[in-house]
Structure formats: C-alpha cells, structure tokens
Amino acid sequence: MPAEAGQGETRQALYEVLLDAGLITQEQLETAEQSRQQGQDISDVLIAQGVITPRDVAMALSLQLNLPLIDLKRHSVQSQALELVPQEVAVRYGIIPLDVIDDELVVVMENPLDIQALEDIGISAGMRVRPAVGTREDIQRAHLLYYRASD
C-alpha cells in the first residue's frame, strides 16, 4: 500500500505500523487487500473483518504521526475549549475540542491529516490548533455528552 501523496517517504504507512505493532499479520493484510473495494481504506476492511478494532487503528495512527492518543472516557473536555468550536463545526469535521494549552486549541479527531478541518477550526477558534487522535465512537459520544450539556 503506497504512502499517501505528499506524505514523504520517511513516514510508515498505517498498515506497516499495524504489522510492526503485531496487531495484524501479513496473511491478514493480504486477505484484507484481496477483499478491499476500490477506494476503501485497508483499516476499514480489517475492522469489518474483526481483525482489529477502531482503537487499534487510532493507536497505530498515533504512533505513525507521533501524536497523542486521547481516550475521551478518561479526559474531561474543558468548557473554554468547547466554547471555541460550534457544535456544527465539531460534528462536520468529527472532532471534539479538548483543552487550551499554551495558546493552542487541542482537538481530538479521528483523522488528524484533515488539513482543511484544522484550518477551519483554527479560523473559527481564532488560534492555532494542535491535533490529537481519538476514535469516531468516543468523539461522537463526547458530542452528545458535552454539547448537549452546554445547551
């Protein structure tokens, strides 16, 4: 599986991180490749096959990008961060604002490679954005918990 365009050759592909971490075997990767539909992400196939979990993918992405993996069940979303990002923006980009640290807004997101999301959130919040990795399920649960609580 080739690296995504513009990533450079120094960063491992996500499937390589999954292999190196022992989360998948070469055989499981090959089976997933064979059943993958065009345009479908290999991690989605591996999850659908029950080989790995979304948390495994988030951990591998965290290792690949050298970003923190945030378990939103163990971290409290700070109200000052929540106030900086409207719910519509958070839902659209699949993020949850976590905290403000050193004049940067820390956001937990499933896809920290979404440059457009980072730019739009930065403009909306009026400050630099520091991404962290989380799972879609945790982020969606946090939307319901924190944005509903702030209404």
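Above this text sits the structure in question.
All of these numbers come straight from a predicted model, not from anything done at the bench. (Residues numbered from 1 in each chain as written. Predicted model: local features only at pLDDT ≥ 70, side-chain atom pairs only at ≥ 80, totals over all residues. Heavy atoms only, no water.)

A count of helices and strands for the protein chain gives 8 helices and 3 strands. Listed N to C, the secondary structure of the protein chain is α-α-α-α-α-α-β-β-α-β-α in terms of helices and strands. In terms of overall size, the protein chain behaves like a compact globule, its C-alpha atoms giving a radius of gyration of 16 Å where 151 residues would be expected to give roughly 15 Å. Along the three orthogonal principal directions, the C-alpha set of the protein chain runs to about 50 × 30 × 25 Å. (Helix = DSSP H or I, 4+ residues; strand = E, 2+ residues; numbered from the N terminus. Rg over C-alpha atoms; globule rule 2.2 N^0.38 Å.)

On to the nonpolar core. In this structure, Leu72, Val85, Ile95, Ile96, Val107, Val108 and Ile121 are the most contacted members of the largest nonpolar core, which totals 27 residues. Secondary structure elements with two or more residues in this core: α5 (79–82), α6 (87–93), β1 (95–101), β2 (104–109), α7 (115–125), β3 (128–133) and α8 (136–150). Tallying contributions element by element places β2 first for this core, with 5 residues. Residues in contact with Val107, not counting those within four places in the same chain, are Ile95, Ile96, Pro97, Leu98, Leu118, Ile121, Val129, Arg130, Pro131 and Ala132. Leu14, Ile24, Ala60 and Leu61 belong to the second-largest nonpolar core, a separate cluster that totals 18 residues. (Core = buried A, V, L, I, M, F, W, Y, C linked by side-chain atoms within 4.5 Å. Buried < 20%, exposed > 50% of the residue type's maximum accessible area, 1.4 Å probe, protein only. Contact = heavy atoms within 4.5 Å.)

Another point: the sheet that holds β3. If you trace the 3 strands from one edge of the open sheet to the other, you get β1-β2-β3, paired in mixed fashion. Each edge of the open sheet carries a strand with a single partner, namely β1 and β3. Along the sheet, successive strands turn relative to each other by an average axial angle of 30°, direction set aside. The strands touched by α7 within the sheet are β1, β2 and β3, with β2 carrying the most contacts at an inclination of about 140°. (Pairing = 2+ DSSP bridges. Axes fitted to C-alpha atoms, helices over the stretch in contact; angles between N-to-C directions.)

Right, let's get into the pairing of β3. In this sheet, β3 lies alongside β2 in parallel orientation, the contact comprising 6 bridges. Its bridge partner lying in β3, Val108 is registered against Ala132. In the classification by handedness, the crossover that spans β2, the intervening α7 and the parallel β3 is right-handed. (Right-handed = clockwise from strand over helix to strand, strands pointing away.)

Moving on: the pattern of salt bridges. What the rule picks out here adds up to 11 salt bridges. Across the salt bridge formed by Arg55 and Asp138, the nearest N and O atoms sit 2.5 Å from each other. Residue Arg55 is located in helix α4 (residues 54–65), and its partner Asp138 is located in helix α8; the two are separated by 83 residues in the primary sequence. The exposure class of Asp138 is buried, given its relative accessible area of 2%. As a salt-bridge pair, Arg128 and Glu104 come within 3.0 Å of each other at their nearest N and O atoms. Taken together, the residues Arg128 in strand β3 and Glu104 in strand β2 connect sequence positions 24 residues apart. Judged by relative accessible area, Glu104 falls into the buried class, the value being 14%. (Salt bridge = Lys/Arg side-chain N within 4 Å of Asp/Glu carboxyl O.)

Relative to the assigned elements, Asp71 resides in the loop between α4 and α5. A distance of 3.0 Å separates a polar atom in the side chain of Asp71 from the backbone nitrogen of Lys73. Once you skip the residues sitting within four places of it in the chain, Asp71 turns out to touch Arg55 and Asp138. (Polar contact = N/O pair within 3.5 Å; in protein donor to acceptor, adjacent residues only side chain to side chain.)

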